[in-house]
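Inside the fold
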Amino acid sequence: MSKKRREIPVFDRPIIETHCHLDYLKDRPLEETLEQSQRVNIERVITIAVSPENLAKVRELSQIAPWVYGTQGIHPHEAETYTDAVEEEIRAHAGDDKIVAVGEIGLDYFYDNADRQIQRDVFRRQLQIACDTNRPVVIHSREADEDTITILKEFEATLKRRGVIHSFTSGPGLARYALDQGWCLGFNGITTFNKAENVRDIVRMAPIEQILLETDAPFLTPVPYRGRENAPFYLPFVAEKIAEVKDLPLDQVLAQTYANSLRTFFPER
């Protein structure tokens, strides 16, 4: 007989899901996922663009409910698909009402799905879009700490709104640089994994004022639901783990990460 999993906790304070991929979810109807997310007090969801094929889909999803938002950007895995026309599309919609950031952009030297020089060029071009449109940035950086720092340094003076290095699994060097420069770090279900002490070390290091909560759904489902497709409604488990690791009251973590999310993506609210 399988061990019964703990119910998803419901907190009085709302949570903002800062990074998921609603168009990748397959296990249940999207309406059901959103309803269940609202039942556990997920107040807003940001669904993330990654490729030329889903830029329009993310914009469409951002219109399905008042509390769903999106981004526009090309993931480093897809860097070789980046063209002038793709850049024009991102620029044209980066300022849309329901689009809150440029992303997911950055560097991935772990999988090397795209040539590294092309990744760097595309990263720079999209950072420039964020500068020109005054949007924050959602960054993916994996096994590319030095080049991520090098490129971000080039934009220190012109990128007025920072953003987040999401699903942070990098080393303390990139963490310190990003935190010193006013970036947030995004943490998800990885924080609950047994072998992720390196990530928990960064959680301990990061001020609670610069931490964002995310799921990266459908990936990285937190304990105790590992093995299932991830979804925004599992976010309370991430909040609990952040509170545990930082030895802070859960209520403080919920209040501060909510404020961080508003400051980063919804400053007018």
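Provided above is the structure to which this section pertains.
A brief look at the structure comes next. (Residues numbered from 1 in each chain as written. Predicted model: local features only at pLDDT ≥ 70, side-chain atom pairs only at ≥ 80, totals over all residues. Heavy atoms only, no water.)

The next thing to look at is the pattern of salt bridges. Going through the model one piece at a time under the given rule, you end up with 17 salt bridges. One salt bridge connects Glu87 with Arg125, and the closest N-O pair in it is separated by 2.7 Å. Of this pair, Glu87 sits in helix H3 (residues 84–93) while Arg125 sits in helix H4 (residues 116–133); the two residues are 38 residues apart in sequence, bridging distant segments of the chain. With a shortest N-O distance of 2.8 Å, Arg124 and Glu154 are connected by a salt bridge. Of this pair, Arg124 sits in helix H4 while Glu154 is found in helix H5 (residues 145–154), placing the two residues 30 residues apart along the sequence. Judged by its relative accessible area of 43%, Glu154 falls in the partly exposed class. (Salt bridge = Lys/Arg side-chain N within 4 Å of Asp/Glu carboxyl O. Helix = DSSP H or I, 4+ residues; strand = E, 2+ residues; numbered from the N terminus. Buried < 20%, exposed > 50% of the residue type's maximum accessible area, 1.4 Å probe, protein only.)

Residue placement: Thr47 occurs in strand E2 (residues 42–47). With near-sequence residues (within four places) excluded, Thr47 lies in contact with Cys20, His21, Leu22, Asp23, Val58, Leu61, Tyr69, Gly70 and Thr71. (Contact = heavy atoms within 4.5 Å.)

Examined against the element boundaries, Asn188 turns out to sit in the loop between strand E7 (184–187) and helix H7 (197–205). Using a relative accessible area of 2% as the deciding quantity, one classes Asn188 as buried. Asn188 has contacts with Ser167, Glu214, Thr215, Asp216, Leu220 and Val238, leaving out every residue within four places of it along the chain. A polar atom in the side chain of Asn188 sits 2.8 Å from the side chain of Glu214. (Polar contact = N/O pair within 3.5 Å; in protein donor to acceptor, adjacent residues only side chain to side chain.)

All right, on to the packing of aromatic side chains then. According to the stated counting rule, one finds six aromatic pairs in the structure shown. Between the aromatic rings of Phe110 and Tyr111, the centroid separation amounts to 4.8 Å while the plane-to-plane angle is 90°, which identifies the pairing as edge-to-face. For Phe110, a relative accessible area of 44% corresponds to the partly exposed category. Seen from their ring centres, Phe233 and Tyr234 are 4.8 Å apart, and the 65° between their planes marks the pair as edge-to-face. Each member of the pair Phe233 and Tyr234 is classed as buried. Put simply, the rings of Tyr225, Phe233, Tyr234 and Phe237 pair up and form one aromatic cluster. Above the ring of Tyr69, the side-chain terminus of Lys98 is found at 4.8 Å from the ring centroid. The ring centre of Phe193 lies 3.6 Å from the NZ or CZ of Arg226, which sits over that ring. (Phe/Tyr/Trp six-rings, centres within 6.5 Å; stacked < 30°, edge-to-face > 60°. Lys NZ or Arg CZ within 6 Å of the ring centre and 35° of its normal.)

Turning our attention to unusual backbone geometry. Residues Ala217 and Pro218 are joined by a peptide bond in cis, for which omega reads 15°. Following the sequence through the fold, Pro218 ends up in the loop between strand E8 (211–213) and helix H8 (235–246). Phi at Asp216 takes a positive value of approximately 60°, unusual for a residue other than glycine. Looking at the secondary structure, you find Asp216 in the loop between E8 and H8. Given the relative accessible area of 9%, Asp216 is considered buried. The phi torsion at Leu220 lies on the positive side, around 60°, for a residue other than glycine.

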